[in-house]
Each structure stands twice: as C-alpha cells, then as structure tokens.
Amino acid sequence: MRRRDLFGGMAGALALGRRAHAACACMLEPAQAAAPVPASPFQDVGSKVRITGMKAMGVSLTPQSDRPYVFVKLETNQGLVGWGEATLEGKAAAAMACVNDFGQHIIGADPMQVEHLWQSMYVHSFYRAGPVMGSAISGIDQALWDLRGKILGMPVYKLLGGPFDARGVRGYYHAVAGSREQLLKLRDSAVAQGVSCFKTGIPGYYEWLERHAKIDRAVRQLAMAREALGPEIDIAVDFHAKPSATVASILVKELEPLNLLFVEEPCPPENVKAMARISRRSTTPIATGERLVASYGCRELIEMGVVDILQPDINHVGGITALWKVGAMADAAGISMAPHSCEGPIGGLATLHVDASMPNFLVQEVCSGVAPRAEDKIWQEWLGFPAMRMVNGRFPLSDKPGLGFDLSEDAFKKYPFAGTRAMARVFHEDGSVAEW
Amino acid sequence: MLRNVALRRGRLAALQASAAPAAAREPGLEISELTPFPVREPVSGRSYTIVRVRTRSGLTGYGECPGATASEVAQALRQISGMPATSYEVLAGRLAGVGTLGAAVNMALLDIVGKAAKAPVYQVLGGPTRHKARALAPLAGDTDAVLVDSMKRAMTAGYRAFLVPAPAPPSRNQGQAWALAVRKRLDTLREAGGENTDFVLDGNGRLVPGDAATAAAILEKFHLLWFDEPCPLVSLGAVKKISEENVTPVGFGRHIRSGAGFQDLLREDAIDVIRPSISLNGISAIRRMAAIAETYYVAAAPYHDGGPVATAAALHLAASLPNFFIQQIPLPETEEDRRMRADIAGSSVETVKDGFAALPTGPGLGITVNEKALEKSRGGAA
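Keep in mind that this is a model prediction, so the values were computed, not measured. (Residues numbered from 1 in each chain as written. Chains lettered and ligands numbered in written order. Predicted model: local features only at pLDDT ≥ 70, side-chain atom pairs only at ≥ 80, totals over all residues. Heavy atoms only, no water.)

## With respect to the overall build of chain A
Reasoning step 1: Scanning chain A from N- to C-terminus turns up 15 helices and 14 strands.
Reasoning step 2: Taking 2.2 N^0.38 as the reference for a compact globule, 436 residues should give roughly 22 Å; the C-alpha atoms of chain A span a radius of gyration of 22 Å, in line with that estimate.
Reasoning step 3: When the backbone C-alpha atoms are referred to their principal axes, chain A occupies close to 75 × 45 × 45 Å.
Reasoning step 4: Among the 436 residues that make up chain A, the fraction classed as buried is 59%.
Reasoning step 5: Sequence separation of 24 or more characterises 73% of the internal contacts of chain A that already satisfy a separation of 6 or more. (Helix = DSSP H or I, 4+ residues; strand = E, 2+ residues; numbered from the N terminus. Rg over C-alpha atoms; globule rule 2.2 N^0.38 Å. Buried < 20%, exposed > 50% of the residue type's maximum accessible area, 1.4 Å probe, protein only. Contact = heavy atoms within 4.5 Å.)

Shown next, in the form of structure tokens:
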C-alpha cells in the first residue's frame, strides 16, 4: 500500500534522531483507533498526527508588565505538545484572541504541514497580517516547528540544515551604563565573558527637527561609549525610531567615525523611502525590521538597497517559517540578519535555531545585560537551564528535538495573566506625542 | 389634483430640507457681510488686510490675508453669502481663485464656528495636540552686528530660535568669501546667543541651487534647525540636489499655495520642513498640506510675515496639527509697530516665553479685534 510505504520512509527518517525514536515510534503505527484521522485530501501523503488542542496563555511576570508573555501550546493525538510564543508588547489580549481565532485552521490539522498551514493562516485571513495577526501566526508556527522537530527527532536547526557554526550563536547584550567609569567596567566584564558586542540606545527623544544642543549631546555621548568600550568591541546603536528621517540623517552621518556595527531603526518603519534618505547619505550601516511582518514586509527595504542588516522578530514576523524566508531573501542581496528578541524565552530559543541555519547570520539580540536580570532566573526555573545566557559570547545550541526544551503549564501558575497594559507614553516639552 | 400638487410640494420641501441640513440646524450662521480693513504698520511699512465676516445672527469672525481688492471682496461675498459659516471647507473651493481672500475668510469662518460652539478653534479641529507652540523670530539687519542686536531684543522678548538672513550674494555665483561670510554670521550669532539658541538660515530664494548646496554642506555640523528657501523653486531635479548632497535640513514653501506643490517636493526627498504661509493659505488648507507631510515624517512650520490676527490663526493651527514644529512670528523692531499690533488684537497673542508662544484660550480665535485700531492704522492694499 502507498500508505505503508510512506510510513516506512518516515520511520527511516526517524532513526536519525536517536533520542526521539522511542517517544515517536508510537505515533507512526498505522492503526490509531483511539484517535480516528478525519478524512482529508492529504490522507495518503500526510502524517497520522493531529492537533487536538490549542491554548493561548498570558503570563505576567509582574502585574504591571506591559508585555505579558503570550505562549501558545499545541496538543496532539499522540501526546506530544508543541510550544510557541505570540507575545505582542502592549497588545497581549488581542494577540491571545487572534491565536484563538485561528482555531479552525489548526485544530484537527496535521502539524507536519507547517508551510501549508502558514499559508492558510496568512492567505485565508483575507486581510493581510499586521502585528496582531503576525504575532498570532508566529506563536502557532513556532509550536508547529517544535512538534515537527519532536516528531522527527531532531532539533529545529537541523531540520533547517544547520548549524553553520557548531560553537553556537553569537549574541549581544544591552549596555546598561551611563558614565565612562561604568562603561570601562562593562568592557572588563565583557572581555572576561567573551562578549564581543553591545547595543546601546541613543539618548533623548527627538522632535521633527532638532536643536543643536540635543544633537551635539547625543553624538558626544556615543563617542564616549566608543572610547570607553575600545575598538575591539562591536557597538550597535538603537535609535528606536525616535528621530525623523531628517534628524536621523544628521545623527547617522556624524556617527560615521565610530564605525558602528549598525544603527537600528533610524526613523519610523512605515516609509521605506524615508529610511532610504538616511542610508544613502551615510556609510553607517542601517538595520531595521523588528516591527515588520512576513517576508512581504521586508521586500521593499531589500530591493531598494536601503538596509545593511535586517532584524525581524520571530514573535511578530510569522515565526520560524517567515524569519527563515526573510533571511533567504536578504542573503541574495548581501544583507545580514540580526534578529530582534525582547520578549519571552520561547521565542528567544526558537530564534536561535533559525540563526544557526542562516548563512548570512550576524548576531542575535537578547534584552538582557552582562549581569543576569530577574527574568533570567525565572526562565531558568521554568526550563531547567539558563535560556538566553551566553557562554563565551555565544548562545549554546541544544541537541534535544524540536525547540529543545520541556515545559509544563504549571510553571506559569505563579505568574497569572494580569491583563493588557499600555506601553510607554512619552510626550515632548510642549505636550505633543513623542516617538519612544 | 390640488392634493397631488400639495403632496409634491411637500416632498420637494422635504428634499430641500435634507439637502441643506447644516443651514436648517444652525439658523443664524449664514454669512451676510464681508468687510476688509487694510492696515499698514507705521515704521516697518508692513501691510496686510484684516477681514471681518458677519453672520445673519450678528456673530463676527476675523481673518487676515496680504491684501484684497474691492472687486475681489465683492466677488468673494457673492460666492459665500447665505452659506453657513460651518461650511468652511466647502467655501474654500469656491474662493480658490479670488486672490488670497480665501485664507482670510477661512480664519474668519473658523473664528465664527468656534464662537458659536464656545470653543477655541483648535478644539473644533480636534486639538489641542500641544499646550504651547515653539516660536521663531525673524531677525532684521544687513550686518552681523545689527543682527546680534536684533537677536538680543528677540531673546529679551522670550525667543530662543531665530530666522537669520543669509548675507546678500554679491553676484550670480558665489565663491569662498561668501561661503565664509555665511559661516561667520552664524558662528557670531551662536556665540552671542549661547548653546541654547537655534537658527534657521533664510536664503530667501536668492541663491542658485549649487551655491545653496555649498552653504548647506559647510553648515552640516553647525546644526541649523533648517536652511529656508535655499534657492528658488526651479525644476525639482535641480532643487533636490541640495538634499541629495548633504544632511542639512531644507525648508520650502512660503509661496506655495497647493498641497500638490508640497507633495512633489516630498516625493522627491527635497524637503525637510514645509513652510506654507498662514496668510496665503489659511488654517484648513495648511491642515491638508500637513496631512500629506505627516507620512514622510516631515513637520509644518508655517511662514508668517503678516499681522496679529494671522498669528492667532497660526497658533490654533499649531495646536491642531500632530506634526507642527515651530511658528514664525513677526517681531516688531520698533515700539510703534509693536503697539499697533497689540492695539489690533490684544497684547497676549504674540507673547513668547522661554521659546514658546502660549495658546489663545478664548472661543474662536481667542482674540478681540479692535476695529477702532484698524481704522486708525488704515493703509496698504485695499
């Protein structure tokens, strides 16, 4: 029978993953009387695994958190579960609702068909994905990849054909230091820990046009950071889309002598031409992408030659599937990938798998410092290992199947969802709305 | 038969009522009079025309434009007479060809709408988007020394940002001497004013694009707020060379009277701040221009070289825009001119403190226009 042949092939593939073999063998038995597979045009070519449940759960580390984690858990008729992250800062409840809105796409589906299901979520939604839908698709997509890896007995980076560097994934912490003394201390601890790169923010908030004193202060402060951190450590500067293209053009040009690794989001991301105005008048490398959804959202930036580095966020861009595609498109244009990551540990770990599998990967962000934060301790409690902490300047890769961790819902009981909280609201001296 | 006629008339009346709902709901706001008051400042000789619009109910609103002829006033009144003041956008189209009166009528109609609603114009327009408005003082003088004096007077008056005339170009194309004179003028002013003074260089449309680009380049690290009217608005291809070659922000628009004019400059990446004149365009038209600029992350900084009524209108505009940056306010160089402006619209409207103008707070434009003072200063184009 054709079906038997297919199973034979699958079992053969499975033998590659030693650890998962025992766990997965049951799933590929031909008879699954307990969980009948619904009739499907894919029944002769798909797997027997079916998604039987999907949960979106909000996790607030503190009641005031503006970015409760939104985790997605997929359950299957085989007992395996997959985890993903759909955290959307400031819009937690909307992201959870949107995950649930995809229930009809996902419940009863074959998790092996991740590419097919991604297309169905994106295309059949009719309205193209913005950040809410992008985050929901991201969470579901990561959980599907986690399941796929577990079913096939391989870590996701191997499913993606990696790793390019067996030592792990190069990363950077945020430089939390104001004074020259603090920066000098930071350099010492970075060197001791093998950390090769930092990111810092540009000081201040910016109006449409800017005053001499403010521009001058920002440039001097960043020059001081370069001087204190020394020439060996790479420095990236996050503008966080605070300036207009006009003001950013001035700043980016004056920062040229610092030879920054990149300037991130020099102006707001909706207008690609505006960002092009900045990049074509300076040699400072330009990075952007954390607010973009799907490879469609990055196409114009790439083809217009606007950016040097792309930074999609695996929790918003559309998960592993979309992040990998952006990477492939960027590679053809000589553009490097430095994915954004500033949410929970699931998206963080998922992004490492894609990082390890992209030829044009540069460096991975984590919103932490050389000294661990409170979150790092909580993540370790949940996962049993120090997720998103670097060893010798790199995030280690796990050999475990899927995304590489086991997690129980019970872990989150101490951190119940405390509702959506608005993100920062910043205003200028005259009371008008400021980008932050 | 008679019954049918009565029925038809009834339906016709109902149709007419539904076709003019604003007039039906707000009896009394129909426009009945339009009166110009041309005035001239005694020392500077700056002239402008204040316009009064009166409604059937007796409400009055004031606006301002550079000037209006008697035939333009008559033509405008024919276009707007009997229409409700609330239809200020409808009437903007009708007045598009009538000199610059449309700007004055727009301010006056919004003044009336605000007074009828007992709300400042910026509340009628969805604001306030800010609680004070950054102010820009144009300096007057031919030499660096005179400009320093002018700046010090403006600093005493509360200003921290200044529009500085570029040294007059001695010939069609300039060389090193002129370029150095530009830099020296600005360095002199910053040294005299301190770190917290900021400057806009006014090219006044007198330079060729190549010289404008040279000046913009040597001023990149000076951090001008922007370089205003660096060259005449000749072909876009020539104009955009300035901002392709360097990062000094450039502003254009004191003569532009259409959103399309700004859209072309924005599309070509040739402009960093739009400078529509408040007294050429009025409030509503600049709101439309600013809406275009918003998607390019470009702000509006309306040009203003007129009188105090337009200043009030500009401040309401500033408080109704998200992308407002700074308002130019003519700074009288003499006590006589200052007193005349204060007599017309009150002294509070052009009061600046720590670099910001306070917003008017009363209904409409928030000013009381003194018609006796208008008569006393009569002059200028009628």
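Next comes the rest of the write-up.
## Re the overall build of chain B
Reasoning step 1: When helices and strands are counted, chain B shows 15 helices and 13 strands.
Reasoning step 2: Considering only C-alpha atoms, chain B reaches an extent of 90 × 45 × 40 Å along its principal axes.
Reasoning step 3: Intrachain contacts of chain B at a sequence separation of at least 6 include 72% that bridge at least 24 residues.
Reasoning step 4: For chain B, the centre of its 42 positive side-chain charges and the centre of its 37 negative side-chain charges are spaced 9 Å apart. (Lys, Arg positive; Asp, Glu negative; His and termini not counted. Charge placed at Lys NZ, Arg CZ, Asp CG, Glu CD.)

## Thoughts on the pattern of salt bridges
All names here are of chain A.
Reasoning step 1: Applying the stated criterion across every chain yields a total of 57 salt bridges over all chains.
Reasoning step 2: In this structure, the salt-bridge partner of K400 is D406, at a minimum N-O distance of 3.0 Å.
Reasoning step 3: For K400, a relative accessible area of 30% translates into the label partly exposed.
Reasoning step 4: Exposure remark for D406: the relative accessible area of 52% places this residue in the exposed category. (Salt bridge = Lys/Arg side-chain N within 4 Å of Asp/Glu carboxyl O.)

## Comments concerning the layout of surface pockets
Residues and elements named next belong to chain B.
Reasoning step 1: Estimates place the volume of the second largest pocket at around 570 Å³.
Reasoning step 2: Forming the walls of the second largest pocket are 27 residues, and the residues nearest its centre are R46, P138, L139, A140 and D305.
Reasoning step 3: Among the residues making up the lining of the second largest pocket, the classes are represented as 13 nonpolar, 5 polar and 9 charged.
Reasoning step 4: Shared between two domains, the lining of the second largest pocket takes at least three residues from each, and those domains are domain 1 (27–120) and domain 2 (132–364). (1 Å grid on protein atoms, 1.4 Å probe; cavity = no way out; pocket = protein on both sides within 12 Å on 5 of 7 lines; lining within 4 Å. Points joined across faces, edges and corners; volume = space filled by probe spheres on them. Nonpolar A, V, L, I, M, F, W, Y, C, P; charged D, E, K, R; others polar. Domains from an automatic or database assignment.)

## Describing the environment of A:S135
Residues and elements named next belong to chain A.
Reasoning step 1: Inspection of the secondary structure puts S135 in helix 6 (residues 131–152).
Reasoning step 2: Separated by 180 residues in the primary sequence, S135 and N315 place their C-alpha atoms 5.3 Å from one another.
Reasoning step 3: In this structure S135 touches E85, A86, T87, L88, N315 and H316, once residues within four positions along its chain are discounted.

## Observations concerning the sheet that holds strand 1 (residues 51–59) of chain A
Residues and elements named next belong to chain A.
Reasoning step 1: Across the sheet, which stays open at both edges, the 3 strands sit in the order 1-2-3 with antiparallel pairing between neighbours. Of all strands in the sheet, those with a lone pairing partner are strand 1 and strand 3 (81–85), marking the two edges. With direction set aside, neighbouring strand axes in the sheet form an average angle of 20°.
Reasoning step 2: Here strand 1 runs beside strand 2 (residues 69–76); their pairing, made up of 8 bridges, is antiparallel. Looking at strand 2, one finds that M54 is bridged to L74.
Reasoning step 3: Those strands touched by helix 3 (residues 92–101) are strand 1 and strand 2, and its axis lies near 175° from that of strand 1. (Pairing = 2+ DSSP bridges. Axes fitted to C-alpha atoms, helices over the stretch in contact; angles between N-to-C directions.)

## Digging into unusual backbone geometry
Reasoning step 1: Here A:G162 and A:P163 are connected by a cis peptide whose omega angle stands at 0°.
Reasoning step 2: Of note, the amide linkage connecting B:G127 to B:P128 takes the cis form, showing an omega dihedral of 0°.
Reasoning step 3: Secondary-structure assignment places B:P128 in the loop between helix 6 (121–124) and strand 4 (132–138).

## A short note on the state of the cysteines
All names here are of chain A.
Reasoning step 1: Applying the stated criterion to the full structure yields 1 disulfide over all chains.
Reasoning step 2: With a sulfur-sulfur separation of 1.6 Å, C342 is cross-linked through a disulfide to C367. Across the S-S bond of C342 and C367 the torsion is about -110°, and the bridge reads as left-handed. One end of the pair, C342, is in the loop between strand 10 (336–337) and helix 14 (345–355); the other, C367, is in the loop between strand 11 (364–365) and helix 15 (374–383), and 25 residues separate them in sequence. Each member of the pair, C342 as well as C367, is classed as buried.
Reasoning step 3: Here C98 stays unpaired: no disulfide links it, and the sulfur of C298, its closest cysteine neighbor, is 19 Å away.
Reasoning step 4: There is no disulfide at C197, and the cysteine sulfur nearest it, in C367, is 13 Å away.
Reasoning step 5: Taking relative accessible area as the criterion, C197 reaches 0% and is therefore assigned buried. (Disulfide = S-S within 2.5 Å.)

## So, empty space enclosed by the protein
Taking a probe equal in size to a water molecule and rolling it over the atoms shows the remaining empty space.
Residue and element names in this part refer to chain A.
Reasoning step 1: Enumeration over the complete set of coordinates arrives at 4 cavities of 30 Å³ or more.
Reasoning step 2: Listed by contribution, the elements that provide at least two residues to the lining of the largest cavity are helix 10 (245–254) and helix 11 (272–279).
Reasoning step 3: Its residues placed into classes, the lining of the largest cavity shows 6 nonpolar, 2 polar and 2 charged.

## Description of helix 10 (residues 236–245) of chain B
Reasoning step 1: Residues B:V239, B:I242 and B:S243 constitute the buried set of helix 10 of chain B. Projected down its long axis, helix 10 of chain B shows its buried positions confined to an angular sector of 85°, all on one face. (Arc of directions from axis to C-beta.)

## Comments concerning the interface of chain A and chain B
Reasoning step 1: Listed per partner, the contact involves 30 residues of chain A and 38 residues of chain B.
Reasoning step 2: Both faces considered, chain A and chain B share a buried interface measuring about 3000 Å² in area, 51% of it formed by carbon and sulfur atoms.
Reasoning step 3: The largest per-residue losses of area from chain A upon contact with chain B belong to A:W208, A:L209 and A:H212, which jointly make up 25% of the total buried on that side.
Reasoning step 4: Inspection of the region where chain A meets chain B yields 7 salt bridges.
Reasoning step 5: Between A:R280 and B:D269 there is a salt bridge; the shortest N-O distance is 2.8 Å.
Reasoning step 6: If you look at where chain A meets chain B, you find 23 residue pairs in polar contact (both at pLDDT 80 or more).
Reasoning step 7: Put simply, the parts of the chain that give the side of chain A that touches chain B at least two residues each are helix 9 (212–229), helix 10 and helix 11 of chain A.
Reasoning step 8: With 6 residues, the top contributor of residues to the side of chain A that touches chain B is helix 10 of chain A. (Buried area = accessible area lost by both parts, 1.4 Å probe. Polar contact = N/O pair within 3.5 Å; in protein donor to acceptor, adjacent residues only side chain to side chain.)

## Remarks on the nonpolar core
Reasoning step 1: Counting 126 residues, the largest nonpolar core has A:F198, A:L310 and A:W382 as the members making the most contacts within it.
Reasoning step 2: With 10 residues, helix 6 of chain A is the single largest residue contributor to this core.
Reasoning step 3: The contact partners of A:F198, leaving out residues within four places of it in the chain, are A:Y172, A:Y173, A:H174, A:A175, A:L186, A:A190, A:L229, A:I233, A:D234, A:I235, A:A236 and A:V370.
Reasoning step 4: Counting 104 residues, the second-largest nonpolar core is a separate cluster that includes B:Y62, B:A76, B:A300 and B:F324. (Core = buried A, V, L, I, M, F, W, Y, C linked by side-chain atoms within 4.5 Å.)

## Observations concerning the sheet that holds strand 1 (residues 31–40) of chain B
Backbone hydrogen bonds hold the strands of a sheet together, and the pairing may be parallel or antiparallel.
Residue and element names in this part refer to chain B.
Reasoning step 1: In space, the 3 strands of this open sheet follow the order 1-2-3, with antiparallel pairing throughout. A single partner strand is all that each edge strand has here, and the edge strands are strand 1 and strand 3 (60–65). Averaged over all pairs of adjacent strands, the angle between strand axes in this sheet comes to 20°, irrespective of strand direction.
Reasoning step 2: Two strands pair when backbone bridges link them, and strand 2 (residues 47–55) and strand 3 are joined in this way by 6 bridges, in the antiparallel orientation. Each bridged residue has a counterpart across the sheet, and for V53 the counterpart in strand 3 is G61.
Reasoning step 3: Strands strand 1, strand 2 and strand 3 of the sheet are contacted by helix 5 (residues 101–117), whose axis makes an angle of about 155° with strand 3.

## What to know about the pairing of strand 5 (residues 197–201) of chain A
All names here are of chain A.
Reasoning step 1: Counting buried residues along strand 5, 4 of its 5 residues qualify, which places the element largely inside the surrounding structure.
Reasoning step 2: Looking at chain direction, strand 4 (residues 169–174) and strand 5 are connected through 2 bridges and run parallel. Bridged to Y173 within strand 5 is F198.
Reasoning step 3: Chirality of the crossover, the property in question, places the unit of strand 4, helix 8 (residues 180–193) and strand 5 among those that are right-handed.
Reasoning step 4: The pairing of strand 5 with strand 6 (residues 234–238) spans 5 bridges and is parallel. In the strand pairing of strand 6, F198 is matched with I235. (Right-handed = clockwise from strand over helix to strand, strands pointing away.)

## Describing the side chain of B:R185
Residue and element names in this part refer to chain B.
Reasoning step 1: Here R185 is to be found in helix 8 (residues 176–193).
Reasoning step 2: Side chain to side chain, R185 and D144 meet in a polar contact 2.7 Å long.
Reasoning step 3: Setting aside chain neighbours within four positions, we find R185 in contact with D142, T143, D144, L147, V164, P165, A166 and P167.

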